[in-house]
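Now for the letters of each chain:
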Amino acid sequence: MKKILVVFGTRPEAIKMCPVVKSLKKNNEMETIVCVTGQHKEMLQSVLDVFAVKPNYNLSIMKKGQTLFDITQLILEKMQAVLQQETPDMVLVHGDTTTAFATALAAFYLNIPVGHVEAGLRTYNPHAPYPEEFNRQAIGSMADLHFATTQQAAQRLLAEGKKENSIFVTGNTVIDALRTTVQQSYTHPVLEWLGDSRLLLMTAHRRENIGAPMQAIFKAVKQLVKQHPDIKVLYPVHPNPAVGEVARDMLGNEEHIKLVEPLDVLDFHNLMARSHLILTDSGGVQEEAPSLGKPVLVLRDVTERPEGVEAGALKLVGTNQKAIVTECSNLLQNPAQYQKMSKANNPYGDGHAAEKITDILQERIAV
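Quick caveat, the model's predicted, so the values are computed rather than measured.

A.B. asks: Hey, could you run me through the nonpolar core in this one?
C.D. replies: Grouped burial of nonpolar side chains is what soluble globular proteins tend to show. One finds Phe8, Leu92, Phe147 and Leu361 to be the most contacted residues of the largest nonpolar core, which totals 53 residues. It is helix 1 (residues 11–25) that provides the largest number of residues to this core, a total of seven residues. Core analysis: the next-biggest nonpolar cluster, separate from the first, contains 31 residues, Ala204, Ile217, Leu279 and Leu297 among them.

A.B. asks: Sorry, what's going on with the side chain of His94 here?
C.D. replies: In this fold, His94 is placed in strand 4 (residues 90–94). Classification of His94 as buried rests on a relative accessible area of 4%. What His94 contacts, discounting residues up to four positions off in sequence, is Val7, Glu13, Lys16, Met17, Ala100, His116, Val117 and Glu118.

A.B. asks: Please clarify how the sheet that holds strand 12 (residues 296–298) should be interpreted in this entry.
C.D. replies: Strand pairing in a sheet relies on backbone hydrogen bonds. The paired strands run either parallel or antiparallel. Strand order in the open sheet formed by six strands is 10-9-8-11-12-13, and the pairing between neighbours is parallel. Of all strands in the sheet, those bounded by a partner on one side alone are strand 10 (257–260) and strand 13 (314–316). Looking at each pair of strands side by side, their axes are set apart by 20° on average, direction ignored. Where strand 8 (residues 198–203) and strand 9 (residues 231–236) come together, four bridges link them in parallel fashion. If you follow Arg198 over to strand 9, its bridge partner there is Ile231. Packing of helix 9 (residues 212–227) onto the sheet brings it into contact with strand 8, strand 9, strand 10 and strand 11 (277–280), and relative to strand 9 it is tilted by some 155°. Along the sheet, helix 11 (residues 265–273) contacts strand 8, strand 9 and strand 11; its crossing angle with strand 8, the most-contacted strand, is approximately 135°.

A.B. asks: How do you make sense of the pattern of salt bridges when you look at a structure like this?
C.D. replies: A side chain of one charge can pair with a side chain of the opposite charge when the charged atoms of the two come close. Under the counting rule described, the total for this entry stands at 22 salt bridges. A salt bridge links Glu304 to Arg136; its shortest N-O distance comes to 2.7 Å. Of this pair, Glu304 sits in the loop between strand 12 and helix 13 (306–311) while Arg136 sits in helix 5 (residues 132–142); the two residues are 168 residues apart in sequence, bridging distant segments of the chain. Here Glu304 ties to Arg305 by a salt bridge, and the two come within 3.1 Å at their closest N and O atoms. Through salt bridges with shared partners, a single network forms among Lys16, Asp96, Glu118, Glu133, Arg136, Glu287, Arg300, Glu304 and Arg305.

A.B. asks: Looking at this structure, I do not really get the pairing of strand 9. What am I missing?
C.D. replies: Side chains on a regular strand alternate between the two faces of the sheet. The buried fraction of strand 9 amounts to six of the six residues, a majority that puts the element mostly inside the structure. Here strand 9 shows a buried face lined by Ile231, Val233 and Tyr235 and a second buried face lined by Lys232, Leu234 and Pro236. Handedness of the β-α-β unit built from strand 8, helix 9 and strand 9 comes out right-handed. The pairing of strand 9 with strand 10 spans four bridges and is parallel. Residue pairing in the sheet places Leu234 in a bridge with Lys258 of strand 10. Handedness of the crossover joining strand 9 and strand 10 through helix 10 (residues 241–251): right-handed.

A.B. asks: How do you make sense of the packing of aromatic side chains when you look at a structure like this?
C.D. replies: Two aromatic rings, taken as a pair, are described by how far apart their centres are and by the angle between their planes. Using the criterion set out here, one finds four aromatic pairs in the structure. Here Phe218 and Tyr235 contribute two aromatic rings whose centre-to-centre distance is 5.6 Å and whose plane-to-plane angle is 55°, an arrangement assigned as tilted. Of this pair, Phe218 sits in helix 9 while Tyr235 sits in strand 9, placing them 17 residues apart in sequence. Accessibility assignment for this pair places Phe218 and Tyr235 in one class, buried. The ring centre of Phe268 lies 5.7 Å from the NZ or CZ of Arg11, which sits over that ring. In this arrangement the basic side chain of Lys232 is found over the ring face of Trp193, its NZ or CZ atom lying 5.0 Å from the centre.

A.B. asks: Could you clarify how one ought to interpret helix 11 in this entry?
C.D. replies: An α-helix turns once every 3.6 residues. As a result, residues three or four positions apart point the same way. The buried fraction of helix 11 amounts to eight of the nine residues, a majority that puts the element mostly inside the structure. Listed as buried for helix 11 are Val265, Asp267, Phe268, His269, Asn270, Leu271, Met272 and Ala273. Where helix 11 begins, one side-chain oxygen reaches toward the backbone nitrogen of Leu266, 3.1 Å away; that side chain belongs to Asp264.

A.B. asks: Sorry, what's going on with a nonpolar patch on the surface here?
C.D. replies: Together, Phe108, Tyr109 and Leu110 make up an exposed nonpolar region whose accessible area comes to about 330 Å². Relative to the helices and strands, Phe108 is located in helix 4 (residues 98–109). Using a relative accessible area of 46% as the deciding quantity, one classes Phe108 as partly exposed.

A.B. asks: Looking at this model, I keep getting lost on the environment of Pro229. Mind explaining?
C.D. replies: Along the chain, Pro229 turns up in the loop between helix 9 and strand 9. Classification of Pro229 as exposed rests on a relative accessible area of 58%. In this structure the C-alpha to C-alpha distance between Pro229 and Arg198, which are 31 residues apart in sequence, comes to 9.5 Å.

A.B. asks: Would you mind showing me how to read the packing of helix 9 against helix 10 here?
C.D. replies: Relative orientation and spacing of two packed helices are given, respectively, by the angle between their axes and the distance between those axes. For the pair helix 9 and helix 10, the least separation of the axes is 10 Å and the interaxial angle reads 30°. If you check the angle between helix 9 and helix 10, you find them roughly parallel. Between helix 9 and helix 10 the crossing geometry is right-handed. On helix 10, the residues that touch Met214, Gln215, Phe218, Lys219 and Lys222 of helix 9 are Val243, Val246, Ala247, Met250 and Leu251. Its residues placed into classes, the contact of helix 9 with helix 10 shows seven nonpolar, one polar and two charged.

A.B. asks: Is there a simple way to explain helix 3 (residues 68–86) in this structure?
C.D. replies: Between the first and last C-alpha of helix 3 there are 26 Å, a value that for 19 residues agrees with the 27 Å anticipated at 1.5 Å per step. Taking the largest bend as the criterion, helix 3 deviates by roughly 25°, centred on Met79. Of all the positions in helix 3, only Asp70, Ile71, Thr72, Ile75, Met79, Val82, Leu83 and Glu86 are classed as buried. For helix 3, the capping residue at the N-terminal end is Thr67, with a side-chain oxygen 3.3 Å from the backbone nitrogen of Phe69.

The rules we used
Here the residue numbers are simple positions, counted from 1 along each chain's written sequence. Reporting of local features is limited, given that this is a predicted model, to residues whose pLDDT is at least 70; pairs of side-chain atoms are given and counted only at 80 or more, and all residues count toward the totals for whole chains, interfaces and linings. Processing note: side-chain calculations cover all non-hydrogen atoms of the structure and skip hydrogens and water entirely. Buried Ala, Val, Leu, Ile, Met, Phe, Trp, Tyr and Cys residues that are joined via side-chain atoms within 4.5 Å together make up what is termed a nonpolar core. Whether a residue is buried, partly exposed or exposed follows from its accessible area with a 1.4 Å probe, protein chains only, as a fraction of its type maximum: under 20%, in between, or over 50%, in that order. Counting from the N terminus, the helices are DSSP H or I runs at least four residues long and the strands are E runs at least two residues long. Should any heavy atoms of two residues lie within 4.5 Å, those residues are counted as being in contact. Strand pairing follows a simple DSSP-based rule, namely that at least 2 bridges must link the two strands. Orientation is described by axes fitted as lines to C-alpha atoms, over the contacting stretch for helices, and by angles from 0 to 180 degrees between their N-to-C directions. For this analysis, a salt bridge means a side-chain nitrogen from Lys or Arg found within 4 Å of a carboxyl oxygen belonging to Asp or Glu. We call a crossover right-handed when, viewed with the strands running away from us, the connection from the first strand over the helix to the second turns clockwise. Each pair of aromatic rings taken from Phe, Tyr and Trp, with Trp reduced to its six-membered ring, is defined by centres within 6.5 Å and is described as stacked if the planes are under 30 degrees apart, edge-to-face if over 60, and tilted in the remaining cases. By the criterion adopted, a ring carries a charge over it if an Arg CZ or a Lys NZ lies within 6 Å of its centre and within 35 degrees of its normal. Under the rule applied, a polar contact is a pair of N or O atoms within 3.5 Å (in protein, one hydrogen donor and one hydrogen acceptor; residues adjacent in sequence only if both atoms are side-chain atoms). Any residue with relative accessible area above 30% and no salt bridge may belong to a patch, with like charges joined within 9 Å and the nonpolar Val, Leu, Ile, Met, Phe, Trp and Tyr side chains within 5 Å. Per-residue and other accessible areas follow the Shrake-Rupley method at a 1.4 Å probe size, with only the shown protein chains counted as cover for residues. With respect to orientation, any angle under 35 degrees is reported as roughly parallel, any angle over 145 as roughly antiparallel, any angle of 65 to 115 as roughly perpendicular, and every other angle as oblique. Two helices that cross are described as forming a left-handed crossing if the nearer one is turned anticlockwise from the farther one by less than a right angle, and a right-handed crossing if clockwise. For this scheme, ten residues count as nonpolar: Ala, Val, Leu, Ile, Met, Phe, Trp, Tyr, Cys and Pro. Four count as charged, namely Asp, Glu, Lys and Arg, and the remainder, Gly too, count as polar. What a helix should span is 1.5 Å times the count of its residues minus one. Fitting one axis to the seven residues ending at a residue and another to the seven starting there, the bend at that residue is the angle between the two axes.

Okay, here's the thing in structure tokens:
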């Protein structure tokens, strides 16, 4: 029986990899081992709880004030022992985190094949997003199997010289996750606070946005709630102190803006499903929201998810205060424009990506 080692370490990775784990564990022809690095801690555990996934290994690398050096070094060191203990036939990593990069590198050093879930995303700017663009390109250079979310992602991989028979278009596993998390009967105190107002859900945390860009985002949101008294803004604040301190200073006293701790996946997905529109610099949210019919204004100058922009579900607005206010106001005041974005086709799959990945792995490596 062949063995698959699935490795992830952050909350976004867990949301997208837990459906893969659940699907793999239904397959009796492959053994599935789960290792979490703990790059995130509490945020990671809440996702594991929702999907009832119990890791075989937890490297528990997270420490206060950790740097990219710390994460990479600790994962390389600890992953070597796991790989040598388990000797898997393939290691599955996801996306563009430092966990995924360092794990792929460790597997490469030991000549263990790597499967890359959510392969082929690119901006071709190593500093936007940073360090994610480097991570995913580096993983792509080491991966043996590439599970692309869209045909465009697959074409990028082909253009980079990846072998055609190593690339598979599966859709995005985050759509699979939404089938588990979004519930009709969901309730939350935020919905009581919301009342009859329209909910604008915001996430903002990327390294390249910290500083002046994030201050401009916050100024725009303050302007929006003053110009549109029928909206309320929910902002789950990232634990990075460089984000939280500025957010509390600039937005903490606004009546129509609620700052909350990071939400678990169940709460976030269900509040997203009940939002009117979304402001985000997150990658995953750009994939999740279109499947829920929610227009997304992307607080970045470039995105590795151009399919959503081309489909009309996403719009790049950057971090310019005036641009954010203008585009958001347009969606709030123009029902036709809002409907056009909310009804755009979701380019990220049908919610069966994990099953497709499982079938491919069975065909390619199971005996």
